[in-house]
Amino acid sequence: MANKEPRRIQDLGTLKALGHPLRMQLFRALQVVGTATASQLADQVGEAVSLVSYHLRKLAAHGLIEEAEGGGDARERWWRMAVEGVTVKDRDFRDAPEGVVAHSALSRLQVRQQSEMYEDYLDSRAAWEPAWRDAAFSSEHLLSLTPEELRLLGQELDALAARWSALARAAEEAGRTEGRENVAVHLYGFPFRT
């Protein structure tokens, strides 16, 4: 990957590009597999190769993914992440009505797809080994915080996830892949009133 830090999306074009359901799926799929061709990704998401190729080029045009050095067959383009991930801040879009709508749409899409991932796990939980079922977790913490405390909590959680990601990457690079599976951790922190 080109960057170590998540890319902060601050322009409406990139926000809209990532806010497409298939593009979000492809972006997430590349985060998991590292490099892939349009054909491989089309098989994974159940769409036509031509449609997947089109959407990969759109993601690349906004610098979110890039062509990777050949992974085998020179007839097909290989793709990889150009960024470690993305982050979107409300403050970058709150002053433009179209930005508010696009940011809300992207956020809702992310939550919907994350929820679908968790529901897929719940539907298939019985097929996982007991060790994985015992290790999986879901928790909710209802806290009373200031805006600054919530911001700091978010930073701590991001740093913790980044540390575990780096440990896993180092283990894989050292050849310790036995027993590893892809794991999703979704965290939200937001105010609410009762």
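Report on the accompanying structure. (Residues numbered from 1 in each chain as written. Predicted model: local features only at pLDDT ≥ 70, side-chain atom pairs only at ≥ 80, totals over all residues. Heavy atoms only, no water.)

So, the overall build of the protein chain
Right, so step 1: Helix and strand counts for the protein chain stand at seven helices and five strands.
Right, so step 2: Scanning the protein chain from its N terminus toward the C terminus, one meets helices and strands in the order β-α-α-β-α-α-β-β-β-α-α-α.
Right, so step 3: In terms of overall dimensions, the protein chain has a C-alpha envelope of 55 × 50 × 30 Å along the principal axes.
Right, so step 4: Burial statistics for the protein chain: of 194 residues in total, 22% are counted as buried.
Right, so step 5: Nonlocal contacts in the protein chain, meaning residues at least 24 apart in sequence, comprise 62% of its contacts between residues at least 6 apart.
Right, so step 6: Looking at the protein chain as shown, the accessible area adds up to about 13500 Å², and 51% of this sits on carbon and sulfur atoms.
Right, so step 7: Distance between charge centres in the protein chain, computed from 24 positive and 29 negative side chains, equals 4 Å. (Helix = DSSP H or I, 4+ residues; strand = E, 2+ residues; numbered from the N terminus. Buried < 20%, exposed > 50% of the residue type's maximum accessible area, 1.4 Å probe, protein only. Contact = heavy atoms within 4.5 Å. Areas by Shrake-Rupley, 256 points an atom, 1.4 Å probe, with all protein chains shown as cover. Lys, Arg positive; Asp, Glu negative; His and termini not counted. Charge placed at Lys NZ, Arg CZ, Asp CG, Glu CD.)

A word on the packing of helix α3 (residues 38–45) against helix α4 (residues 49–61)
Right, so step 1: The geometry of α3 relative to α4 is characterised by a closest axis approach of 9 Å and an angle of 110° between their N-to-C directions. Taken together, the axis directions place α3 and α4 in an arrangement best described as roughly perpendicular. Classified by chirality, the crossing of α4 by α3 is right-handed. Touching A38, S39, L41, A42 and V45 of α3 are V49, V52, S53 and L56, all from α4.
Right, so step 2: In terms of residue class, the contact of α3 with α4 is made up of seven nonpolar, two polar and no charged. (Axes fitted to C-alpha atoms, helices over the stretch in contact; angles between N-to-C directions. Parallel < 35°, antiparallel > 145°, perpendicular 65-115°, else oblique. Left-handed = near helix turned anticlockwise from the far one by under 90°. Nonpolar A, V, L, I, M, F, W, Y, C, P; charged D, E, K, R; others polar.)

Looking at a nonpolar patch on the surface
Right, so step 1: Taken together, the side chains of F137, L157, L160, W164, L167, V183, V185 and L187 define a hydrophobic patch exposed on the protein surface, amounting to about 810 Å² of accessible area.
Right, so step 2: Summarising the element assignment, L187 is placed in the segment after α7 (147–173).
Right, so step 3: Assessed through its relative accessible area of 49%, L187 is described here as partly exposed. (Patch = residues over 30% accessible without salt bridge, like charges linked within 9 Å, V, L, I, M, F, W, Y side chains within 5 Å. Salt bridge = Lys/Arg side-chain N within 4 Å of Asp/Glu carboxyl O.)

Quick look at α7
Right, so step 1: If you check α7, its first and last C-alpha atoms are 39 Å apart, about what 27 residues at 1.5 Å a residue would give, namely 39 Å.
Right, so step 2: Where α7 terminates, the next one or two residues include G175, which has phi positive at roughly 90°. (Expected span 1.5 Å × (residues − 1).)

Re the pattern of salt bridges
Right, so step 1: Counted under the stated rule, the structure contains eight salt bridges.
Right, so step 2: The shortest N-O distance in the salt bridge between K16 and E98 comes to 2.2 Å. Placement of the pair is K16 in helix α1 (residues 12–18) and E98 in helix α5 (residues 97–124), with a sequence separation of 82 residues.
Right, so step 3: Classification of E98 as partly exposed rests on a relative accessible area of 44%.
Right, so step 4: A salt bridge links R169 to E84, with the shortest nitrogen-to-oxygen separation between them at 3.6 Å. Residue R169 is found in helix α7, and its partner E84 is found in the loop between β4 (78–81) and β5 (86–88); the two are separated by 85 residues along the sequence.

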